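Listed here are the chains, written in short residue letters.
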Amino acid sequence: MLERLRERITPTDIVMWMIGGSLLVMIIWGSAATLLAGLYTPRHWLDFVIFGLAQGSVYALIAMGYTMVYGVLRMINFAHSEVFMSGPYTAYYVAAAFYRSGLLESHPVLCLLAIFMVSMFISSMIAFLLEKIAYRPLRNAPRLIPLITAIGASFFLQYVFRGLYGSGFQAYPVVKMLEGHWTFIGIRILRFQAVVIVAAALLLAALYSFIQMTRVGKAIRAVSEDKEAAYLMGIDVDKMISTTFIIGGMAAGAAGAFYGIMFKQVHFFMGFIPGIKAFTAAVLGGIGNIPGAMLGGIFLGLIESVGPSLFLDGLGIVAPYQLKDAIAFTMLVLVLIFRPTGILGERLAVKKA
Amino acid sequence: MTQMESLWRHGIKTGFIGAVTVVLLALIGMVEAFSQRDIIAGVISMGHALLLVIAIFMGYIAAKRTALSGIGSTLINSVVSGVIIAGSLVLLILLGSWVNLRSIFMNASPALYSLLTFGIEFKNGWTFLLLAGALCGLVAGLLYQSFPTFRRILITSLSSVIIAGVLQDMLRPTLSAWGPISVISDWLFSSNGLSLSGAITLCLVIAVILFIWFQKRDILRTRFSRLPSSGQRTLRMAGYVLLVGIFLVLPQVLGLFLSEVLTIVGLYVLLGLGLNIVVGYAGLLDLGYVAFFAIGAYVTAILTSPELGFFSLTFWQALPFAVILGLLSGVILGVPVLKMRGDYLAIATLGFGEIIRILVLSDFLRPWLGGAQGIGRIPKASIGGYEFATPQQIYYLILAGCAFVIFISLRLKDSRLGRAWKAMREDEDVAQAMGINLVATKLLAFATGAGFSALSGAIFASKLSSVYPHSFNVMISINILCLIIVGGMGSIPGVIVGAVALVGLPELLREFAEYRLLVYGAALVAMMLLRPEGLWPEVLHLRELQDAQSSSADSETPAPSGARI
């Protein structure tokens, strides 16, 4: 019995366990040291968690696009971060116009809705055109080719928007209604964060039920399961792929609008980092798996805001917040190594990815 | 009615695509920026040339799409597309004069509008614009109908005039550095752009050369193939010797700026050859490749720079350490990702690359790695008193590195290991069943690639004499991947061609830096759509690609086909 076990364990397995084990020890030791030293009060932790939730819901919305596209096309849509950027960058001009005309003061809810609509519309149109022009002709090409196309499209879109709107940061107007904070069962929560969390949760729920309950959602799921079988069942595969891109684009546009509200500025390069993070989130949740992407996004947001203080402060590391991206990517690599199918597992079984 | 529609359809369709393109180019400011520079002094600026080229190109496409329906319809379609393109500009100007577009699109200025009408008042300008569009379409249609040889000669000679105009800042100093040739350059160029007489002469000279080439091409080829094999070999050898000679004198001829560009291209060739082994030979998609470049550069910096004060070795003493540490880190980062395939591997390596960059950047490791300020005062390499300091001198260092790495790549390609890599690229399971040790083969691929990259990093560190974490972001990995694929995966000349096309050309056009990446992105997409096998594909890989495409084309149509059942 022991002999058999020893045969199965390769040296690489041992190395991996050692890496994993030492990281785990480090995390536990760091968190224990931080907590015992009492560096932060519960209030701090709560703020971290709320910020993490808001950030995470933005990631979750972007991750939807990555994961759905991966589901139907088996490709990483590198240009999705530009889909995310295009909506809020365009909607900025709507917001600025509302601000100048004073509508933003008198009817803030309507104006915010309009900004969301514009952002979602532009993002979904960009996603739609992207698929139609750049990806559709390459449906049957080897895997690397659409990847390079996506990278090219990403550059192109970034610099088209830079050319159109200029290269500076554009400051989103401040909405009076979203300043300050609300107190909610004893928890003080910044208003814009609350709005982002609630709105994102509603959107995610709507998206999920759309995919699960409607005919179109069912068709999209069928296409991601097996394109040819779906075709034989009378599903218009091309149309479903376009729909997937449009839905992903809408989610990204909404996420972009939230991002604009939270960080109050837009920029032509703003998509890159959230894009990579959201992609990480999609992988964390199991790429191709829609609830997984949501969960992965929120998990990543939380880890990023809580992690640096919790794991690293206790180890006496200087300026741990600088390392938050490193924590996110370490999570990614660890998940890929030890559970490559993601937290929830890959619904669309892709054995040979 | 329907007949009319189908008659004009292609013209309208291509016209609209062209219209969107020109309006976009105008709004993102490319037309205006390009019109700063004349191609032919006082006659035509780059901005106007851009518009004309697009109009003619779209007209040509429209003509090509309707080629089957006779000359008349071809001409109508290309003229229609030209008119639509011009019309879109007219509409843009009209819209701009009613609404203040500038509050959104920063480039929609009156200056742009007057440029678009070629400086004529709008009252007469719009008719002129439409006429110009129609004329462009007509020219394109006629061009399509003309003899192929004539067409090729005309297009090539005209585009060489455009290229000469675009690259004038590079050509002029280079040409004028050479005594007798400087007379030609003075005559060819005026203060801004080619002179009119120069442009016409250049065009004619190229046309005549091409004409003679087209006439004599076949004769030369048959003569070459009739030579005995030893004669052929000597001719080939002579060609190689000539090539080496050209490479050796290149920096002296080209001057400082172009030598600098050459060194950058050379570094990317080194990096590309390394990644070519990992991605091209072994089929392991590595997006964290820049990490090894960083490791090479930082090891060199730490070992040589007096700034940190740990060591003060010379460049040559530090180089082996850099390469060996690069190889080792290739193995270390390779072990965890051994079982991953395809996209997962790409993401994991991307994560590794970013982790290393963030760690280097952090304050936490600052005492050892210098943090965001990086490490400075890295000494230059020198051999026996000859210091590799200026770009022209460093060029030779990089050339030697490239020669070394090309030699290794060539020897590895058909070796046992190289064949094992290719087998693994095709199918891991089958390769394993054939007795290939996957773990060792994969790790060797990672290690070799990482070693090349570290070598490049060491040279990079000594070239800049400082290293910063910002030089090692993920865009470099992506750039290298793109240049390999654009060049042709697995092909060594392809890497060089790719580096020149994707790194060299953008460096040359630094003046238009704002639009550099835009064109780069569009070119990548166009390239993948039109020529996915790359500029200089490897024969084997090309064949596979064609096989894959034909087989997927078969399976794409699930419609009943008797042959398949």
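Residues numbered from 1 in each chain as written. Chains lettered and ligands numbered in written order. Predicted model: local features only at pLDDT ≥ 70, side-chain atom pairs only at ≥ 80, totals over all residues. Heavy atoms only, no water.

Caption draft 1: Highlighting the confidence of the model for chain A. Per-residue pLDDT for chain A has a mean of 82; in total, 95% of the residues score no lower than 70. Segment residues 347-353 of chain A is flagged for pLDDT under 50; beyond a separation of four residues in sequence, or across chains, it makes 17 contacts in the model. (pLDDT = per-residue confidence, 0-100. Contact = heavy atoms within 4.5 Å.)

Caption draft 2: Broad picture of the pairing of strand β3 (residues 187-190) of chain A. Residue and element names in this part refer to chain A. As judged from the four bridges shared by strand β2 (residues 181-184) and β3, these two strands associate in the antiparallel manner. Bridging from a neighbouring strand, Phe 184 pairs with Ile 187 of β3. Where β2 folds back onto β3 in an antiparallel hairpin, the turn is made up of two residues, including Ile 185, whose phi is positive at roughly 35 degrees. (Pairing = 2+ DSSP bridges. Helix = DSSP H or I, 4+ residues; strand = E, 2+ residues; numbered from the N terminus.)

Caption draft 3: View of the environment of Val 31 of chain B. Residue and element names in this part refer to chain B. Relative to the elements of secondary structure, Val 31 occurs in helix α2 (residues 30-34). Expressed as a C-alpha distance, the spacing of Val 31 and Leu 51, which sit 20 residues apart in the sequence, is 7.8 Å. Sequence-distant contacts of Val 31, defined by excluding residues within four places in its chain, comprise Leu 25, Ala 26, Gly 47, Leu 51, Leu 112, Leu 115 and Leu 116.

Caption draft 4: Examining unusual backbone geometry more closely. One non-glycine residue with positive phi stands out, namely Arg 74 of chain A, at about 55 degrees. Here Arg 74 of chain A lies in the loop between α3 (42-73) and α4 (80-101). Despite not being glycine, Ser 465 of chain B shows a phi value in the positive range, around 50 degrees. Looking at the element boundaries, Ser 465 of chain B is found in the loop between α19 (438-464) and α20 (474-487). On the basis of relative accessibility, which here comes to 22%, the residue Ser 465 of chain B falls in the partly exposed class. (Buried < 20%, exposed > 50% of the residue type's maximum accessible area, 1.4 Å probe, protein only.)

Caption draft 5: Highlighting the interface of chain B and chain A. Opposite the 57 residues of chain B that make contact, chain A presents 57 residues. Buried area between chain B and chain A, summed over both chains or domains, comes out near 5200 Å², and the portion from carbon and sulfur atoms is 79%. By the criterion of area lost to chain A, the three top residues of chain B are Asp 343, Tyr 344 and Ile 347 of chain B, representing 13% of everything that side buries. Run the count over chain B and chain A and you get zero salt bridges. Looking at the side of chain B that touches chain A, the elements that each hand over two or more residues are α1 (2-27), α14 (342-361), α20, α22 (513-530) and α23 (539-556) of chain B. A per-element tally of the side of chain B that touches chain A places α14 of chain B first, with 11 residues. (Buried area = accessible area lost by both parts, 1.4 Å probe. Salt bridge = Lys/Arg side-chain N within 4 Å of Asp/Glu carboxyl O.)

Caption draft 6: View of the packing of helix α7 (residues 148-166) of chain B against helix α10 (residues 196-226) of chain B. All names here are of chain B. For the pair α7 and α10, the least separation of the axes is 9 Å and the interaxial angle reads 140 degrees. Our classification of the angle between α7 and α10 gives oblique. α7 and α10 meet at a crossing whose hand is right-handed. Here Thr 149, Arg 152, Ile 153, Thr 156, Ser 157, Leu 158, Ser 160, Val 161 and Ala 164 of α7 lie close against α10, whose contacting residues are Ala 199, Leu 202, Cys 203, Ile 206, Ala 207, Leu 210, Phe 211 and Phe 214. Per-class residue counts for the contact of α7 with α10 are 12 nonpolar, four polar and one charged. (Axes fitted to C-alpha atoms, helices over the stretch in contact; angles between N-to-C directions. Parallel < 35°, antiparallel > 145°, perpendicular 65-115°, else oblique. Left-handed = near helix turned anticlockwise from the far one by under 90°. Nonpolar A, V, L, I, M, F, W, Y, C, P; charged D, E, K, R; others polar.)

Caption draft 7: Main features of the confidence of the model for chain B. All names here are of chain B. When pLDDT is averaged across chain B, the result is 80; 92% of the residues are at 70 or more. When mean pLDDT is taken per element in chain B, α19 scores highest with 90 and α23 scores lowest with 58. Taken as a whole, residues 553-565 scores under 50 in pLDDT and shows six contacts with residues more than four places along the chain or in a different chain.

Caption draft 8: Broad picture of empty space enclosed by the protein. Residue and element names in this part refer to chain B. Taken as a whole, this structure holds seven cavities of 30 Å³ or more when the rule is applied. One number sums up the size of the largest cavity: a volume of about 130 Å³. Lining the largest cavity are 13 residues, and of these Leu 51, Leu 52, Ala 55, Leu 89 and Gly 133 lie nearest its centre. Mapped onto the lining of the largest cavity, the elements with two or more residues apiece are α3 (46-65), α4 (70-98) and α6 (122-145). (1 Å grid on protein atoms, 1.4 Å probe; cavity = no way out; pocket = protein on both sides within 12 Å on 5 of 7 lines; lining within 4 Å. Points joined across faces, edges and corners; volume = space filled by probe spheres on them.)

Caption draft 9: Representation of helix α2 (residues 11-37) of chain A within the structure. All names here are of chain A. Between its first and last C-alpha atoms α2 spans 39 Å; for 27 residues at 1.5 Å apiece the expected length is 39 Å, and the two agree. For α2, the set of buried residues is Thr 12, Asp 13, Met 16, Gly 20, Gly 30, Ser 31 and Thr 34. Looking at the residues trailing α2, positive phi occurs at Gly 38, about 60 degrees. (Expected span 1.5 Å × (residues − 1).)

Caption draft 10: Local environment of the side chain of Ser 81 of chain B. Residues and elements named next belong to chain B. Structurally, Ser 81 is set in helix α4. Classification of Ser 81 as buried rests on a relative accessible area of 0%. There is a polar contact of 3.0 Å between the side chain of Ser 81 and the backbone oxygen of Ser 78. Residue contacts for Ser 81: discarding those within four places in its chain leaves Gly 11, Thr 14, Gly 15, Met 58, Gly 59 and Ala 62. (Polar contact = N/O pair within 3.5 Å; in protein donor to acceptor, adjacent residues only side chain to side chain.)

Caption draft 11: Quick look at a positive patch on the surface. Where like charges cluster on the molecular surface, the positive patch consists of Lys 132 of chain A together with Arg 9, Lys 13 and Arg 65 of chain B. Among the structural elements, Lys 132 of chain A can be located in helix α6 (residues 108-135). (Patch = residues over 30% accessible without salt bridge, like charges linked within 9 Å, V, L, I, M, F, W, Y side chains within 5 Å. Areas by Shrake-Rupley, 256 points an atom, 1.4 Å probe, with all protein chains shown as cover. Lys, Arg positive; Asp, Glu negative; His and termini not counted. Charge placed at Lys NZ, Arg CZ, Asp CG, Glu CD.)

Caption draft 12: Looking closely at the nonpolar core. Judged by nonpolar contacts, the single largest core of 258 residues is most densely connected at Leu 61 of chain A together with Leu 116, Val 467, Phe 472 and Leu 481 of chain B. The dominant element in this core, judged by the number of residues it contributes, is α3 of chain A, at 16 residues. Leave out the neighbours within four places in its chain, and Leu 61 of chain A touches Ala 200, Leu 203, Leu 204, Leu 207, Ala 251, Ala 252, Ala 254, Ala 255 and Phe 258 of chain A. (Core = buried A, V, L, I, M, F, W, Y, C linked by side-chain atoms within 4.5 Å.)

Caption draft 13: Quick look at the packing of α3 of chain A against α4 of chain A. Residue and element names in this part refer to chain A. Interaxial distance between α3 and α4 falls to 10 Å at its minimum, and their mutual angle equals 135 degrees. With respect to α4, the element α3 is oriented oblique. As α3 runs across α4, the sense of the crossing is right-handed. Between α3 and α4, the contacting residues are Ile 62, Gly 65 and Tyr 66 on the first element and His 80, Ser 81 and Phe 84 on the second. Within the contact of α3 with α4, the residues separate by chemical class into three nonpolar, three polar and no charged.

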